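Architecture at a glance
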Amino acid sequence: MRFDILTIFPKAFESYFNESMIKRAKAKKIIDIHVHDIRTFSKDKHKKVDHIPYGGGPGMVMTPQPIYDAIKYVKKFNKGPVLLMSPSGETFTHKKAQKLAKNKGLIFICGRYEGIDERVKKLCVDEEISIGEYVLTGGEMPAMVILDAVSRFIPEFLGKEKSLEEESFSESLEGKKEYPQYTRPPSFKGLKVPEVLQSGHHGKIKEWRKKHLS
Ligand code: SAH
């Protein structure tokens, strides 16, 4: 799956995308991530990407031209929907991640300041997505959150040993969250791992886990 991310802070993605599962999936070509600096598309002689809002008020608004041109450019390589990170969008969920994972690609627009000019939304945004009811300073973390959650639904992403079936929010848990997890040591600060989990009795373990879904 191909992800294109439009941002004015491309470096914000470097550390997260170069660790652990995302790093591995990139190396195995399961996902392909392209981060684009919106500023490089600006036709302004000082490469400006923002301006004061019409009608007055605090803060700055991202101008339409650089974002519009950046989207036009990435659309040559990515036919997926254009997602605008926005606190006023539809709230992102497990189900939404699953649905988005069916696309061959996704294009993310990360806003900054007071957000982006309304005309970009009208011209080229397919969906506005929020990651929760709070306001962040930019859309970079929302893009990382969505990319991460969507990637977990790509069949090869988690590898054979890990199943999505028994995870929190999955249909098989019928709205419940995962059971408690324990690892070594068997006793820590006086708290013991439940006997049944150490018993090797698969049937009983299954039963215990079912009972302890939250
Ligand atoms: N003035 C806006 C907030 C802008 S925050 C308002 O009142 O709604 C700047 C940018 O951060 C937004 O354009 C968006 O891209 C991103 N952002 C902030 N909070 C977000 C959230 N909860 N979900 C997704 N994106 C968010």
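Just above, that's the structure.
Attention in this report is confined to the structure presented alongside it. Bear in mind that the values here come from a model prediction, so they are computed numbers and not experimental data.

Applying the stated criterion to the full structure yields five aromatic pairs. Their ring planes at 50° and their centres at 5.6 Å tell us that Phe-41 and Tyr-73 sit as a pair that is tilted. Of the two residues, Phe-41 sits in the loop between strand E2 (32-37) and strand E3 (50-51) while Tyr-73 sits in helix H3 (residues 64-74), which places them 32 residues apart along the sequence. The exposure class assigned to Tyr-73 is partly exposed, which follows from its relative accessible area of 32%. When the centroid spacing of 5.2 Å and the interplanar angle of 70° are considered together, the rings of Tyr-73 and Phe-77 count as edge-to-face. Assessed through its relative accessible area of 42%, Phe-77 is described here as partly exposed. In this structure an aromatic cluster arises from ring pairing among Phe-13, Tyr-16 and Phe-17.

Topologically, Glu-140 is positioned in helix H6 (residues 140-151). Of the polar contacts made by the side chain of Glu-140, one reaches the side chain of Arg-112; its length is 2.9 Å. The residues touching Glu-140, leaving out its near neighbours within four places in the chain, are Thr-7, Ile-8, Phe-9, Ala-12, Phe-13, Cys-110, Gly-111 and Arg-112.

In the region of the ligand, 19 residues are neighbours, and Met-85, Gly-111, Gly-132, Tyr-134 and Leu-136 sit closest. For the ligand, an oxygen atom lies 2.6 Å from a polar atom in the backbone of Met-85. Here Gly-111 contributes a backbone N or O atom positioned 3.0 Å from an oxygen atom of the ligand. Protein contact buries 83% of the 560 Å² of open area that the ligand shows by itself. Put simply, the parts of the chain that give the shell around the ligand at least two residues each are strand E5 (82-91) and strand E7 (127-130). Sorting elements by how many residues they give to the shell around the ligand places E5 first, with three residues. Looking at the shell around the ligand residue by residue, the classes come out as nine nonpolar, eight polar and two charged.

Cut-offs applied
Residues numbered from 1 in each chain as written. Predicted model: local features only at pLDDT ≥ 70, side-chain atom pairs only at ≥ 80, totals over all residues. Heavy atoms only, no water. Phe/Tyr/Trp six-rings, centres within 6.5 Å; stacked < 30°, edge-to-face > 60°. Helix = DSSP H or I, 4+ residues; strand = E, 2+ residues; numbered from the N terminus. Buried < 20%, exposed > 50% of the residue type's maximum accessible area, 1.4 Å probe, protein only. Polar contact = N/O pair within 3.5 Å; in protein donor to acceptor, adjacent residues only side chain to side chain. Contact = heavy atoms within 4.5 Å. Near = heavy atom within 4 Å. Areas by Shrake-Rupley, 256 points an atom, 1.4 Å probe, with all protein chains shown as cover. Nonpolar A, V, L, I, M, F, W, Y, C, P; charged D, E, K, R; others polar.

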